[in-house]
Amino acid sequence: MSKENLAPVWSRAFDIDLDHAEGIYIHDTQGNRYMDFTSGIGVTNTGHAHPRVVKAIQDQAANMIHGQIGVVTGKAVVELTEQLKAVLPPALDTYFFSNSGAEAVEAAVKLAKQATGRTNIIVFEGSFHGRTHMTMAMTMSKYSYRVGYQPLPAGVFAAPYANCFHCPVCQRTHTVEQRAAVSASCPNDGGECCGYALDQLRLMFKTQTAPQETAAIVVEPVLGEGGYVVPPSSFLKGLRSLCDEHGILLVFDEVQTGFGRTGRFFALEHSGVIPDILIMAKGLASGMPLSGIASRREIMKKWLPGSHGGTYGPNLVSAAAAVATIKVMREEKLIENSAARGAQLMAGLRKLQAEFKQIGDVRGLGCMVATEFIDAQGKPDKAMTDKIVKLCADHKLLLLTCGPYQNVIRWIPPLVVNAEQIDEALRIFAAALDAAG
Ligand SMILES: Cc1ncc(COP(=O)(O)O)c(C=O)c1O
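Residues numbered from 1 in each chain as written. Predicted model: local features only at pLDDT ≥ 70, side-chain atom pairs only at ≥ 80, totals over all residues.

Draft legend 1. Structural detail: the pairing of strand β12 (residues 368-373). A large share of β12 lies buried, amounting to 6 of its 6 residues. The side-chain alternation of β12 yields two buried faces, one formed by Met368, Ala370 and Glu372 and the other by Val369, Thr371 and Phe373. Pairing between strand β11 (residues 359-365) and β12: 6 bridges, direction antiparallel. Across the sheet, Asp361 pairs through a bridge with Glu372, a residue of β12. (Buried ≥ 20, exposed ≤ 12 C-beta atoms within 10 Å, placed from the backbone. Helix = DSSP H or I, 4+ residues; strand = E, 2+ residues; numbered from the N terminus. Pairing = 2+ DSSP bridges.)

Written out as C-alpha cells, the structure is:
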C-alpha cells in the first residue's frame, strides 16, 4: 500500500503504519506498540476504542446514521443536550452543534455578531482557532497557518496573551528560573501578575477597535497550539470585567481544554469565569467528528433562524458517541484521573527540569502539560526539542510539539492513562534527555 496519493499539505509527525489502537496504545503493522501521548491532538480522552463508546457507535449506526436536524431530531441529540447540561455551568443551557472545531468557532463568531450587532473580534497572540478563512484570521500561533492565504477577513485584532514565561516585563527583570517560578504559580498566582496583557488590551480599545464595535473577545483559557500556556486567573477575570463593562461577549474556545483535559470537565472551572459562549470539539465525541457551542438562551434567541446551520451537524452517530463519552468520563472518574496523573507527570518533569538545564519551563493543568526547551542563552531551542521527540518516538513514546518557536513538547495522554504508564513515559523521556546531551 502506498501513501503517495495523499495530499502533501498534511504534515506528518511520524510515519507509522497503523494496525489498530486501544487505550493509550497504538499498534503498527510491524508489531510495535507505541504509547500515544498525543491522543490524536487532544481528542481520544476516553482512550482509543473505549468499549462503551464503540458500542454506542455500533448501536446508533444500526439504528440511523444521518437524519438532518432540519428534518428530524434524533434521540441521541436530545440526550446529548441533557448530558451537556449536567457538566456545563447552568447558565450555558442552549446548544448548537457542528462537525469540527473551526466550524464551531465560526458559529460562535456569527452568533456574537448577530447578538450584539457589532463587527469586530479580539483574539490573542499565540491563539489557534482553526483553518477556515475566518478562523485563520483569528489564528496567531505560527505564520505557517496563514502564509500564502492573505488577505484574510478583516475586523480581527490580536492582543497579547498573559504568558508569564514570555512576559516582556518579566523578561527584562527576571532570570529564566524566576520566570519559570512565576509561570509555575499560574493560575493561582495570588494576584502577583504584572497585568501587562490586560493593559495592552485596554490600549487596544483606545487605538484599534472601539469597544462599541467589538462583538466578542475569543480566548483559549489555556493557550493550546501557542505553547500550552496557563494564564493567571486574574487575566481571565479581567477579560470578564472588560466584557461586562463594554457589552462585549466573552467566548472561551475550549476545543482543546474541554472534556477533562485540564483536570476539570472544562478549564473555565479553574478560574470560575463563566463565558457567554463556550466552544467545544475534540474530546466531545472521543474521535467521532462533532463540535458545538453552548450559550445562554437569551443570547441564542438573537440568532436569526436559518441564518446558520449545515447538513451534518450533529451527526447522529457522533452524538451517540458524545453521550457515551460524557457518561464514561463521569462514571469512570476520568476527570479525577486527569488531575492526579497530570500532577504526577508534572512532579516528574519538574525533577528532570532541576537536572537538565535545557528544560526552561514545565507548566500545565491536569493532563495538558508542557516542557519548554531553551539553549544556554535562554533562547527557544527547536533543534533540541525535535531531537527529544525523535528519541522518544524511537523508544515508542509519541509526543507532539507546539508553540511559535516549536520548542515546546506537549504531553496529552488519553485520560485513562495509569500511574505506571506515566512513570514509563517519564523514564523514556529522561533517557532521551540523557542521550540528547
Ligand atoms: C483551541 C482550538 N480551537 C479550534 C481548533 C480547530 O479545530 P478543528 O481542527 O477541529 O477545526 C483547534 C484545533 O486544534 C484548537 O486547538
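Text resumes after the structure shown.
Draft legend 2. Molecular detail of unusual backbone geometry. Across the junction of Gln150 and Pro151, the peptide omega takes the value 0 degrees, indicating a cis bond. By the secondary structure assignment, Pro151 is in the loop between α5 (133-137) and β6 (156-159). The linkage connecting Gly313 with the following residue, Pro314, adopts the cis geometry, with an omega of -5 degrees. In this fold, Pro314 is placed in the loop between α11 (297-300) and α12 (316-331). Its identity is not glycine, yet Phe259 carries a phi of approximately 55 degrees, on the positive side. By the element assignment, Phe259 lies in the loop between β8 (249-253) and α10 (268-271). The backbone phi angle of Lys396 is positive, close to 70 degrees, even though this residue is not glycine.

Draft legend 3. Structural context of the site of the ligand. Around the ligand lies a shell of 15 residues, among which Ser100, Gly101, Ala102, Val255 and Gln256 are the nearest. The leading source of residues in the shell around the ligand is helix α4 (residues 101-116), at 3 residues. Looking at the shell around the ligand residue by residue, the classes come out as 6 nonpolar, 6 polar and 3 charged. (Near = placed C-beta within 6 Å. Nonpolar A, V, L, I, M, F, W, Y, C, P; charged D, E, K, R; others polar.)

Draft legend 4. Here's a closer look at the nonpolar core. Counting 128 residues, the largest nonpolar core has Ala108, Val251 and Ile279 as the members making the most contacts within it. Of all the elements, α12 adds the most residues to this core, at 11 residues. Residue contributions to this core reach at least three from each of two domains, namely domain 1 (52-331) and domain 2 (333-436). Filtering out sequence-adjacent residues up to four positions away, Val251 remains in contact with Ala108, Ala112, Ala216, Ile217, Val218, Pro275, Asp276, Ile277 and Ile279. (Core = buried A, V, L, I, M, F, W, Y, C linked by C-beta atoms within 7 Å. Domains from an automatic or database assignment. Contact = placed C-beta atoms within 7 Å.)

Draft legend 5. Structural view of the sheet that holds strand β15 (residues 408-411). Spatially, the 4 strands line up as an open sheet ordered β11-β12-β15-β14, and their pairing is antiparallel. Strand pairing shows two members of the sheet lacking a second neighbour, β11 and β14 (400-402), which therefore form its edges. Taken over all neighbouring pairs, the strand axes of this sheet differ in orientation by 30 degrees on average, direction set aside. Two elements, β12 and β15, share 4 bridges in a ladder whose sense is antiparallel. Paired with Glu372 across the strands is Val408, a residue of β15. Contacts from helix α14 (residues 382-394) reach β12, β14 and β15 within the one sheet, and its direction differs from that of β15 by about 35 degrees. (Axes fitted to C-alpha atoms, helices over the stretch in contact; angles between N-to-C directions.)

Draft legend 6. Focus on the environment of Ile409. Locating Ile409 in the fold gives a position in strand β15. Exposure remark for Ile409: the 25 C-beta atoms within 10 Å place this residue in the buried category. Once the C-alpha coordinates of Ile409 and Gly364 are considered, the two residues, 45 residues apart in sequence, prove to be 11 Å apart. When residues no more than four places from it in sequence are discounted, the contact partners of Ile409 are Ala370, Thr371, Thr385, Ile388, Val389, Leu399 and Thr401.

Draft legend 7. Structural detail: the environment of Ser338. With respect to the element layout, Ser338 can be found in helix α13 (residues 334-355). A tally of 28 C-beta atoms within 10 Å means that Ser338 is categorised as buried. Those residues in contact with Ser338 that sit more than four places away from it in its chain are Gly260, Arg261, Gly263, Gly366, Cys367 and Leu415.

Draft legend 8. Up close: the packing of helix α3 (residues 75-87) against α12. Packing of α3 against α12 brings their axes to within 9 Å, and their N-to-C directions diverge by 30 degrees. Classified by chirality, the crossing of α12 by α3 is left-handed. In contact with Ala76, Val77, Glu79, Leu80, Gln83 and Val87 of α3, α12 contributes Leu316, Ala319, Ala320, Ala322, Val323 and Ile326. Looking at side-chain class alone, the contact of α3 with α12 contains 10 nonpolar, 1 polar and 1 charged residues. (Left-handed = near helix turned anticlockwise from the far one by under 90°.)

Draft legend 9. Quick peek at the sheet that holds strand β1 (residues 18-22). Strand order across the open sheet formed by 4 strands is β1-β2-β3-β13, with mixed pairing between neighbours. Strand pairing shows two members of the sheet lacking a second neighbour, β1 and β13 (397-398), which therefore form its edges. Pairing of strand β3 (residues 33-36) with β13 involves 2 bridges; the strand directions are parallel. Bridge pairing in β13 places Met35 opposite Leu397.

Draft legend 10. Region of the structure containing the packing of α14 against helix α15 (residues 419-436). Contact pair α14 / α15: the axes reach a minimum separation of 9 Å and the direction vectors enclose 130 degrees. What the angle tells us is that α14 and α15 run oblique. Between α14 and α15 the crossing geometry is right-handed. Every residue of α15 that contacts α14 at Met384, Lys387, Ile388, Leu391 and Cys392 is listed here: Ile428, Phe429, Ala432, Leu433, Ala435 and Ala436. (Parallel < 35°, antiparallel > 145°, perpendicular 65-115°, else oblique.)

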